[in-house]
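# What the coordinates show
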Amino acid sequence: MSSHGTFCTVFDCMDGRTNDLVNAWCRTNFGVDHPDTITIAGCDGILISDAGERERAFKLARISAHHHGSKQAVVIGHSECAGHMVPNEQHKIDIEQATKLVAAPGIFEHVVGLFVDVRTGEIVEVCRI
Ligand SMILES: [Zn+2]
């Protein structure tokens, strides 16, 4: 066990309504101390449509994995997202696709896709790889 605590990696929207909820989910479900957060406005939509942004995010993800020992990642989409304005059901489809893309390079042992309802604070697990 590292002396600086345990980490996971979060691919999250920049939306401040999601961050605390997601960090709490990670601490509870992964048992980690520190979620490293990579923020992209409209995270789920951008990860599947913008290869440049995806590579930027993967560069940060590798730092989290290699230097902080992160083995688990979550990919977030949420309701009322100003960066990716689609219905909730489309978010869930896009979260699943984004989760597959994040899992593909093998940086992490597990990648989980989560949908956050910012009105209720509910987090739904969409997929797990
Ligand atoms: Zn958003």
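You'll find the structure just up there.
Reference entry: report on the structure contained in this document. (Residues numbered from 1 in each chain as written. Predicted model: local features only at pLDDT ≥ 70, side-chain atom pairs only at ≥ 80, totals over all residues. Heavy atoms only, no water.)

This part takes up helix 4 (residues 88-103). Look at helix 4: 22 Å from first C-alpha to last across 16 residues, which is about the 22 Å you get at 1.5 Å a residue. Within helix 4, burial applies to H91, D94, I95, A98, T99, V102 and A103. Within helix 4, the buried residues cover an arc of 165° as seen down the axis, which keeps them to one side. (Helix = DSSP H or I, 4+ residues; strand = E, 2+ residues; numbered from the N terminus. Expected span 1.5 Å × (residues − 1). Buried < 20%, exposed > 50% of the residue type's maximum accessible area, 1.4 Å probe, protein only. Arc of directions from axis to C-beta.)

In this structure, E80 is a non-glycine residue whose phi angle is positive, near 55°. Structurally, E80 is set in the loop between strand 3 (72-78) and helix 4.

Next up on the list: the coordination of the zinc ion. For the zinc ion, the full set of protein donor atoms is C13 (SG), H78 (NE2) and C81 (SG), and the range of their distances to it is 2.0 to 2.2 Å. Each donor residue of the zinc ion belongs to the same chain, with the gaps between them written as C-x64-H-x2-C. Taken together, the positions of C13 in the loop between strand 1 (7-12) and helix 1 (16-30) and C81 in the loop between strand 3 and helix 4 put the pair 68 residues apart, joining distant regions of the chain. Summarising the burial analysis for this pair, C13 and C81 share the class buried. (Donors = N, O, S within 2.8 Å, 3.2 Å for Na, K, Ca; no water.)

Tracing the sequence through the fold places Q72 in strand 3. Once the C-alpha coordinates of Q72 and E55 are considered, the two residues, 17 residues apart in sequence, prove to be 18 Å apart. Each residue touching Q72, except ones within four places of it in the same chain, is listed here: C8, T9, F30, V32, F108 and H110. (Contact = heavy atoms within 4.5 Å.)

Time to look at the nonpolar core. If you look at the biggest cluster of nonpolar residues, it comprises 17 residues, and the most contacted ones within it are F11, L47, V75, V102, F108 and V111. By residue number, the principal contributor to this core is helix 3 (residues 51-68), which donates 4 residues. Beyond its immediate stretch of four places on either side in the chain, V102 contacts F11, L47, F58, V75, F108 and V111. Counting 13 residues, the second-largest nonpolar core is a separate cluster that includes V10, V22, V32 and V112. (Core = buried A, V, L, I, M, F, W, Y, C linked by side-chain atoms within 4.5 Å.)

This part is about helix 1. Taking 1.5 Å per residue, 15 residues should reach 21 Å; helix 1 reaches 21 Å between its end C-alpha atoms and fits that length. All of the buried residues in helix 1 are T18, V22, N23, W25, C26 and F30. What you see down the axis of helix 1 is that its buried residues fit within an arc of 165°, all on one side. Residues G16, D20 and T28 are exposed on helix 1 and point more than 90 degrees away from its buried face. Once helix 1 finishes, G31 follows within two positions and takes phi at roughly 65°, a positive value.

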